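An overview of the molecular structure
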Amino acid sequence: MTLPYERSRAVIETREFLTQLLGNRRVPAPVRSEAKWLLRHYPSTNEVFQAGWHELASPAFVLEPIFDTSTDGKLSEHWSPPRQIERNDSDEA
């Protein structure tokens, strides 16, 4: 299972990788062109962290967090563990 901070780090590092591809003249032109096209709408580091903060601000609207506010490999202290939904067996009649 991918955790929000892992997903945040992966998205940020992928952007850096695409940027490196784009700037490397030894990479074939079609690959650099594809990297440029992908980067047009790819989220910046700031946008990834903003998404994490929006999820923290409105947890009632988030089924499972997608992004986190950190990429350091430590779980964010801002997210509490998932709540267990209590099941009432008398409702199954």
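Structure first, text after, so check above.
One structure accompanies this document, and this report is about it. (Residues numbered from 1 in each chain as written. Predicted model: local features only at pLDDT ≥ 70, side-chain atom pairs only at ≥ 80, totals over all residues. Heavy atoms only, no water.)

Assigned secondary structure in the protein chain consists of 3 helices and 0 strands. Along the protein chain, from the amino end to the carboxyl end, the secondary structure elements read α-α-α. The 93 residues of the protein chain split such that 23% are buried. For the protein chain, restricting intrachain contacts to residue pairs at least 6 apart in sequence, the fraction spanning at least 24 positions comes to 49%. Here the protein chain displays about 7600 Å² of accessible surface, and carbon together with sulfur accounts for 54% of that area. (Helix = DSSP H or I, 4+ residues; strand = E, 2+ residues; numbered from the N terminus. Buried < 20%, exposed > 50% of the residue type's maximum accessible area, 1.4 Å probe, protein only. Contact = heavy atoms within 4.5 Å. Areas by Shrake-Rupley, 256 points an atom, 1.4 Å probe, with all protein chains shown as cover.)

The next point concerns the nonpolar core. Within soluble globular proteins, side chains that are nonpolar tend to cluster in buried spots. Within the largest apolar cluster, 5 residues are counted, these being Leu18, Leu21, Val27, Ala35 and Leu39. Contributions of two or more residues to this core are made by α1 (4–23) and α2 (29–39). Contacts of leucine 18, omitting those with residues within four sequence positions, involve Ala35, Leu38, Leu39 and Tyr42. (Core = buried A, V, L, I, M, F, W, Y, C linked by side-chain atoms within 4.5 Å.)

Here we take up the packing of α1 against α2. In the contact formed by α1 and α2, the axes pass within 8 Å of each other and the chain directions differ by 140°. Considering the angle they form, α1 stands oblique to α2. You can see that α1 and α2 cross each other, and the crossing is left-handed. On the side of α1, the interface is formed by Arg15, Leu18, Thr19, Leu21 and Leu22, while α2 contributes Val31, Arg32, Ala35, Lys36, Leu38 and Leu39. (Axes fitted to C-alpha atoms, helices over the stretch in contact; angles between N-to-C directions. Parallel < 35°, antiparallel > 145°, perpendicular 65-115°, else oblique. Left-handed = near helix turned anticlockwise from the far one by under 90°.)

Turning to the side chain of serine 8, a few remarks are in order. Mapped onto the secondary structure, serine 8 falls in helix α1. Setting aside anything within four residues of it in sequence, one finds serine 8 in contact with Val48, Phe67, Asp68, Ser70 and Thr71.

This brings us to α2. Within the sequence span of α2, burial applies to Arg32, Ala35 and Leu39. Along α2, the residues classed as buried sweep out an arc of 60° about the axis, all on the same side. In α2, the exposed positions angled more than 90 degrees off the buried face are occupied by Pro30 and Trp37. At its buried positions, α2 is contacted by α1. (Arc of directions from axis to C-beta.)

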